[in-house]
2 protein chains.
Amino acid sequence: MNFLNEVAQHYPDAISLAAGRPYEGFFDLDAVHRHLETYRAHLVAEFGGDTQRALCTILQYGRTKGIIHELVARHLAVDEGITADPESIVVTVGCQEAVYLTLRALRVTDRDALLAVVPSYVGAHGAAQLVDMPLLPVKDTPHGVDVADLAAVVRDARTAGLRPRALYVIPDFANPSGVSMSREAREELLRVAAELDILLLEDNPYGFFGAEGEPAVPTLKSLDRDRRVVYLGSFAKTGIPGARVGYVLADQRVVLPDGGGSTLADQLAKIKSMLTVNTSPIAQAVIGGKLLENGFSLRSANTAERRVYQANLRQVLDGLARRFPAHEVPRIIWNTPTGGFFLVMSLPFEAGDDLLEVSAREHGVLWTPMHHFYGDGRPRRTIRLSFSHLRPEEIEAGLDRLAGFVRAHA
Amino acid sequence: MNFLNEVAQHYPDAISLAAGRPYEGFFDLDAVHRHLETYRAHLVAEFGGDTQRALCTILQYGRTKGIIHELVARHLAVDEGITADPESIVVTVGCQEAVYLTLRALRVTDRDALLAVVPSYVGAHGAAQLVDMPLLPVKDTPHGVDVADLAAVVRDARTAGLRPRALYVIPDFANPSGVSMSREAREELLRVAAELDILLLEDNPYGFFGAEGEPAVPTLKSLDRDRRVVYLGSFAKTGIPGARVGYVLADQRVVLPDGGGSTLADQLAKIKSMLTVNTSPIAQAVIGGKLLENGFSLRSANTAERRVYQANLRQVLDGLARRFPAHEVPRIIWNTPTGGFFLVMSLPFEAGDDLLEVSAREHGVLWTPMHHFYGDGRPRRTIRLSFSHLRPEEIEAGLDRLAGFVRAHA
């Protein structure tokens, strides 16, 4: 995404419907200090009053798998109904390191391949590229993974001598598509994954940002009965982005070359010991304190943020409907996610990096060309719109500018 | 090092002459709070009073290359006499990520190889393993790299079709050997590296922990005139281990496939964007505040720590001389570093993992078998002793127990 960053830097006055950053209106450094102290007090109590031990846990080199694994397990129980052995959790430097560790463990030979619904998050492409793992695209539908295509891709890959190990998927308000899978679609995906004998890598950064009052659809991991799902978690959107803390729940049993048993989490920890050694205990302490102060529920801790994201989503959908009425020719369409940070708009022309620069320069508005999420560089007629970090007046002005850009090129 | 950790966990009452952890006696969480506020105030001033921008710099997703690069450059100028363009610095998750990023960039094909003085730091072996880069061992001497052997290894590797890209080296108080290179040896190494056309990866975690009053030997990077040295920096020993902040100074010019120019730092940032995205800005802010509060000199900020390490080193050397007199048969010998965290002891028997466990169980003392630093698993007659984190009474008891173990097996 270097090109996108460069465009954004060149046109600092452009309104960004491109950046997927969390909302900044509630940022609070005093809360960071408080979280740190909350976590310290928690450790002192846990260590029977041993203040030096608590201090060293936060300030010294630490356990490779992390120091807040037990708190993360309680959070998963409270917010997701997931029962997790804390020893199966590895706390990581954001979710991106979790993706890398998992792919590095799964890539044993150059025959191992990753499946991913495309369009998909660029971080998955990036991590696959770093570990030299081919990425096999699987078709997306407005309801999630196309399981028939998944089965066909796996079959063809095996015929070609490849070993598809896992499917990377964001079942809730996906990046970039905004699409969410129904409970039935999730159960079907689990069945098909079992039949095909592949793992599911479930990435869930946006799950808490659905409509208020609407019951959340269970995560794949909470429906998983046979350790089929590796759960990739992020505190960047629900905790504090600046802490860069994520985690992976990897409870799969692994047979070691020496015949001994282990878990995938232990394997990931071994890789992490050669990559980043451990995740900053200070940063973990900040997230740990936030978990402790909120009864382990980040769903409830993010009530205000969810309202902002939902209001922004409604404003963008209403604003698009007003600016691009259904009877207009050529017709401009977009999908209608019920939560998350993103939606996808279809234009009557190819919208690549060159037109993004035109849009930034002449219309003062940024968006993300969808080809970045396919990994093949071929320009497409779709763009991703993001609205998570904007104020209402920025959304209105941004949509006005976007409409000006679209009309100039349609 | 998983086995070593397991032994340490199994025998919690054993005194550890194995762990290379920094001294904990000066740990202070209040200082962490203060550093964070110092850095915030610095940003507010830098941003002309824009408090929200300062807040977002610390709490939001951030620049891939880091937010304290300018402070790190000033630190390098003050403490090392290194003139660094801040744009050539990438702030990393500890020095280990810096090593990984550098090797991942240098490994373009499977013909690319890393040279390393052995015995050498396990993290270099680990990162090379993660990027599937063969490690070519170069002989060590009591004065540092054996440059004749270096030239021979490079020649042989090229004949075999390999492409040796760089030599990993710790010129100051090396881990595990404790050896430091003289200024003349450093200048010779730079000359030889230029002749051989290889990079030098200079890792320098212990450089500030030499004898008081003795002038520091210049780093390779400060002697480097033709961008031959990639400088790997750590704040784990000189800043706060729990921040997990390191950096790499990579000012080498790189020609891109499209013919454009870039620096190695830009390449490393691109890899980092796929690995950890950015280093926790909160953790960076803590280190940034410590740099600001100490006029960018970590050498002076670590005066008290250096005194502890120097006193511990003297106590260990004196204690060994008392317990293993020169006239005794078989004679036990060790080297005499003038700083750092480590020294190496030669025993009249092979000291592998099995004997370490005996030592832990029967004598209550831990040390590190040297074979872990060779990467070939072959047991050796040498062990590494570490003394950085111990109190005086622990050193005395530890040496007593070590003497007991040695006499039982010599």
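As the structure is a computational prediction, the values presented were derived from the model and not from experiment. (Residues numbered from 1 in each chain as written. Chains lettered and ligands numbered in written order. Predicted model: local features only at pLDDT ≥ 70, side-chain atom pairs only at ≥ 80, totals over all residues. Heavy atoms only, no water.)

Enquirer: How should I be thinking about the UniProt feature "domain: Aminotransferase class I/classII large" (unreviewed entry) in chain A in this particular structure?
Expert: Mapped onto the present numbering, the UniProt feature "domain: Aminotransferase class I/classII large" (unreviewed entry) falls at residues 69–402 of chain A. Between the first and last C-alpha atoms of residues 69–402 of chain A the distance is 44 Å; the span itself is 40% helix and 20% strand. (UniProt positions renumbered as here; feature names shortened; annotations may be inferred. Helix = DSSP H or I, 4+ residues; strand = E, 2+ residues; numbered from the N terminus.)

Enquirer: What is the right way to look at the domain arrangement of chain A in this model?
Expert: Accessible area lost on assembly of the parts is the figure often given for the size of an interface. All names here are of chain A. Structurally, chain A comprises domain 1 (2–20 + 302–409) and domain 2 (29–301). Here domain 1 and domain 2 have C-alpha centroids that lie 28 Å from each other. On the side of domain 2, 26 residues touch domain 1, which itself brings 23 residues to the contact. Summed over both sides, the interface of domain 1 with domain 2 buries roughly 1,900 Å², with 53% coming from carbon and sulfur. Taking the shortest distance from any N to any O, the salt bridge between Glu212 and Arg306 comes out at 3.8 Å. Scanning the region where domain 1 abuts domain 2 turns up 13 residue pairs in polar contact (both at pLDDT 80 or more). (Domains from an automatic or database assignment. Contact = heavy atoms within 4.5 Å. Buried area = accessible area lost by both parts, 1.4 Å probe. Salt bridge = Lys/Arg side-chain N within 4 Å of Asp/Glu carboxyl O. Polar contact = N/O pair within 3.5 Å; in protein donor to acceptor, adjacent residues only side chain to side chain.)

Enquirer: How should I be thinking about the relation of the copies chain A and chain B in this particular structure?
Expert: Between the two copies of the chain lies a relationship made up of a rotation around an axis and a movement along it. If you rotate chain A by 180 degrees and push it 0.0 Å along the axis, it lands on chain B with an RMSD of 0.0 Å. Taken together, the rotation and translation describe the operation of a two-fold axis. (Least-squares fit on C-alpha atoms with pLDDT ≥ 70 in both.)

Enquirer: Mind showing me how you'd approach the sheet that holds strand 7 (residues 199–203) of chain A here?
Expert: One key point about sheets: their strands pair by backbone hydrogen bonds, in either a parallel or an antiparallel sense. All names here are of chain A. As summarised here, the arrangement of the eight strands in space is 2-9-8-7-6-3-4-5, forming an open sheet in which the pairing is mixed. Pairing within the sheet leaves two strands with one partner each, and these edge strands are strand 2 (89–93) and strand 5 (144–145). As defined by bridge partners, strand 2 adjoins strand 9 (residues 245–249) across five bridges and the pair is classed as antiparallel. When the sheet's bridge partners are listed, Val91 is paired in strand 9 with Tyr247. (Pairing = 2+ DSSP bridges.)

Enquirer: Explain the pairing of strand 8 (residues 229–234) of chain A to me, please; I cannot follow it from the model alone.
Expert: Each regular strand carries side chains that alternate between the two faces of the sheet. Residue and element names in this part refer to chain A. When you tally the buried positions in strand 8, you get six out of six residues, the bulk of the element. What you see with strand 8 is no split at all: Val229, Tyr231 and Gly233 on one side and Val230, Leu232 and Ser234 on the other are buried throughout. Relative to strand 8, strand 7 runs parallel, the two sharing four bridges. Bridge pairing in strand 8 places Glu202 opposite Tyr231. Sheet topology note: the strand 8/strand 9 ladder contains four bridges and is antiparallel. Across the sheet, the residue bridging to Tyr231 is Leu249, located in strand 9. (Buried < 20%, exposed > 50% of the residue type's maximum accessible area, 1.4 Å probe, protein only.)

Enquirer: For this particular structure, what's the right way to read the interface of chain A and chain B?
Expert: Counting residues at the interface gives 52 residues for chain A, matched by 52 residues for chain B. Summed over both sides, the interface of chain A with chain B buries roughly 4,600 Å², with 62% coming from carbon and sulfur. Sorting the residues of chain A by area buried against chain B places Leu29(A), Leu130(A) and Met274(A) first, and these three jointly supply 15% of that buried surface. The interface formed by chain A and chain B holds six salt bridges in total. For Asp30(B), the salt bridge goes to Arg40(A), with nearest N and O atoms at 3.7 Å.

Enquirer: Just to check I follow, could you spell out the pattern of salt bridges for this structure?
Expert: Any two side chains of opposite charge can pair, on the condition that their charged atoms come close. Taken as a whole and judged by the stated rule, the model has 60 salt bridges over all chains. Residue Asp251(A) pairs with Lys221(A) through a salt bridge whose shortest N-O separation is 3.1 Å. Placement of the pair is Asp251(A) in the loop between strand 9 and strand 10 (253–255) and Lys221(A) in helix 9 (residues 220–223), with a sequence separation of 30 residues. The burial state of Asp251(A) is the same as that of Lys221(A); both residues are buried. Put simply, Glu24(B) and Arg21(B) hold a salt bridge, and the shortest N to O gap is 3.6 Å. What makes Arg21(B) partly exposed here is its relative accessible area of 32%. Through salt bridges that share partners, Arg63(A), Lys65(A), Glu87(A) and Asp266(A) make up one connected network.

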